[in-house]
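# Structural description and commentary
The chain contents come next:
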Amino acid sequence: MSATKPVVVAVDGSESASSAVVWAARTAVALGRPLHIATVVHIPAFYYSEPYLAESFKDELRRTATARLDSAQILARQSIDDDLQIVTELLDGSVSDRLIELSKGAYIIALGPRGHGEFTGLVVGSATVSVVSHGESPVAVVRGRTLDGRPPTEGPVVVGVDGSESSIEAVEHAFEQASARGATLIAVNVWSDVSVQPSLGATPDDPLWSSIQTGEEVVLAEQLAGFTERYPDVVVERVVARDRPVRVLSEYAETAQLIVVGSRGRGGFAGMLLGSTSRALLHTADCPVLIVRHVNK
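Residues numbered from 1 in each chain as written. Predicted model: local features only at pLDDT ≥ 70, side-chain atom pairs only at ≥ 80, totals over all residues. Heavy atoms only, no water.

### With respect to the environment of Thr66
Within the secondary structure, Thr66 is located in helix α2 (residues 51-78). The class for Thr66 is partly exposed, based on a relative accessible area of 38%. Measuring from C-alpha to C-alpha, the distance between Thr66 and Leu90 comes to 7.2 Å, with 24 residues separating the pair along the chain. (Helix = DSSP H or I, 4+ residues; strand = E, 2+ residues; numbered from the N terminus. Buried < 20%, exposed > 50% of the residue type's maximum accessible area, 1.4 Å probe, protein only.)

Have a look at this one:
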C-alpha cells in the first residue's frame, strides 16, 4: 500500500459532501496521508447547441466550483488539529467518470451518499453507486448520524467477514482504520447463507448446526490470522452469528464509527460488482461505510 496515495474526497456543495470532507480530513491525518479535494463541472449536452451560452454557463460553473473547493479546504482544516497537506482539483466532464478515474490514484475516495444533482427521493445517488461499483480504490460513503454535520468519532470499527477475496482486503483495511483511530475492532461473520432452518427441527444444540457454527468460527479465525500480530494495539472482538448480514451489521452501525465490508461476498453472483449486503448498507447504515472492492491486478 503506497504511503503517497492520498485520501480523495469529492465535493459538490451539498451537506453530505461537507460531512465527507470532515471524515476525509480526519482519516487522512490518522493515516498520515495527504488529502485531495476534487469537484467536477458537468455541462449538460443541450448547452453545446449554443456555443456562447455554453461558455458563459461554464465560466459561471467554474467560478462556483472554485469557491466550493476553497470552502471545502477551509472546512477540512477546521476539522483537524494537525497539519495536513491538501491539494484541490477542478475537473470537467461526467461526474462518475472523473471520480472513477480519480480512484485509480487514491488510497480511499470519500463521497456523500447523494449530491445536489440527484433526485430528492434517492437515498443513494447514481454517481455514488457508480464509483462504489467501478472504482479501483476503497470507497467511503459518509452517511448516517452526525453531530453538527460531523461524522462520529466514537465507537468501534466493525468489519464484515465471510471468507471471500474482497472480505480479506476489507479486514486489512479495517485493522488499519481501527489502529489509526485507537478503536476496538469488531469482526463479524454472519452465516445466514448456510443456515439450518429451525422449521426442520434444528436448534443450536443440533450437531449440524454446531458443525456449521464451528466451521464459520474457523473462517473468521483464518481471515484475522496475521493481522492481529501486525496490529497488536488493536483490541479485537469476534462475533459469529446465524442471521441476515445486513440486519446484524446495521445494528452495529448504530454505535460504530465505521463499517468496513467487501463489495461482493461469497454468496454473490460472479458477474455482480456490488453485492446485496454492501448495497443495502449504503441505504441503511447509521455511520460511514467503507466498501473495499477486490480488483484483479
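### As for the confidence of the model for the protein
Per-chain confidence: the protein averages 84 in pLDDT, with 80% of residues scoring 70 or above. Between residues 116-123, whose pLDDT stays under 50, and residues either more than four places distant or in other chains, the model counts 13 contacts. Contacts from residues 266-273, a stretch scored under 50 in pLDDT, to residues over four places away or in other chains number 14 contacts. (pLDDT = per-residue confidence, 0-100. Contact = heavy atoms within 4.5 Å.)

### A closer look at the pairing of strand β2 (residues 35-41)
For β2, the buried fraction is high: seven of the seven residues fall into the buried class. Burial of the side chains of β2 extends over both faces: Leu35, Ile37, Thr39 and Val41 are buried on one face and His36, Ala38 and Val40 on the other. In this view, the connection linking strand β1 (residues 7-10) to its parallel neighbour β2 by way of helix α1 (residues 15-31) has right-handed handedness. Relative to strand β3 (residues 86-92), β2 runs parallel, the two being bridged by seven bridges. Of the residues in β3, the one forming a bridge with Val40 is Leu91. (Right-handed = clockwise from strand over helix to strand, strands pointing away. Pairing = 2+ DSSP bridges.)

### Some points on the packing of aromatic side chains
Aromatic rings considered in pairs are described by the distance between their centres and by the relative angle of their planes. This model, assessed by the stated rule, comprises two aromatic pairs. Consider the rings of Phe175 and Phe227, whose centres lie 5.6 Å apart with planes at 25 degrees: the pair is stacked. Taken together, the positions of Phe175 in helix α5 (residues 165-181) and Phe227 in helix α7 (residues 227-230) put the pair 52 residues apart, joining distant regions of the chain. For the pair Phe175 and Phe227, a shared accessibility class is recorded, and that class is buried. (Phe/Tyr/Trp six-rings, centres within 6.5 Å; stacked < 30°, edge-to-face > 60°.)

### What to know about the pattern of salt bridges
For the structure on display, the rule yields five salt bridges. Salt-bridge contacts for Glu101 lead to Arg98; the nearest nitrogen and oxygen are separated by 2.7 Å. On the criterion of helical spacing, the pair formed by Glu101 and Arg98 is a turn pair, its members being three residues apart in helix α3 (residues 95-103). By relative accessible area, which is 42% here, Glu101 ends up partly exposed. Put simply, Asp243 and Arg247 hold a salt bridge, and the shortest N to O gap is 2.5 Å. (Salt bridge = Lys/Arg side-chain N within 4 Å of Asp/Glu carboxyl O.)

### A word on the sheet that holds β2
Overall, mixed pairing links the ten strands, which are arranged β3-β2-β1-β4-β5-β10-β9-β6-β7-β8 in an open sheet. The sheet terminates laterally at β3 and β8 (236-241), the two strands that pair on one side only. Ignoring which end each strand starts from, the neighbouring axes of this sheet average 20 degrees apart. Its contacts with the sheet put α1 on β1, β2, β4 (108-111), β5 (139-141) and β9 (258-262), and the angle it makes with β1 is roughly 175 degrees. On top of the sheet, helix α4 (residues 126-134) reaches β4, β5 and β10 (289-292); it is set at about 150 degrees to β5, its chief contact. (Axes fitted to C-alpha atoms, helices over the stretch in contact; angles between N-to-C directions.)

### Considerations on α1
Taking 1.5 Å of rise per residue, the 17 residues of α1 would be expected to cover 24 Å, and the 24 Å separating its terminal C-alpha atoms lies within 8% of that figure. Counting buried residues along α1, twelve of its 17 residues qualify, which places the element largely inside the surrounding structure. Taken together, the buried positions of α1 are Ser16, Ala17, Ser19, Ala20, Val21, Val22, Trp23, Ala24, Ala25, Thr27, Ala28 and Leu31. Once α1 finishes, Gly32 follows within two positions and takes phi at roughly 70 degrees, a positive value. (Expected span 1.5 Å × (residues − 1).)

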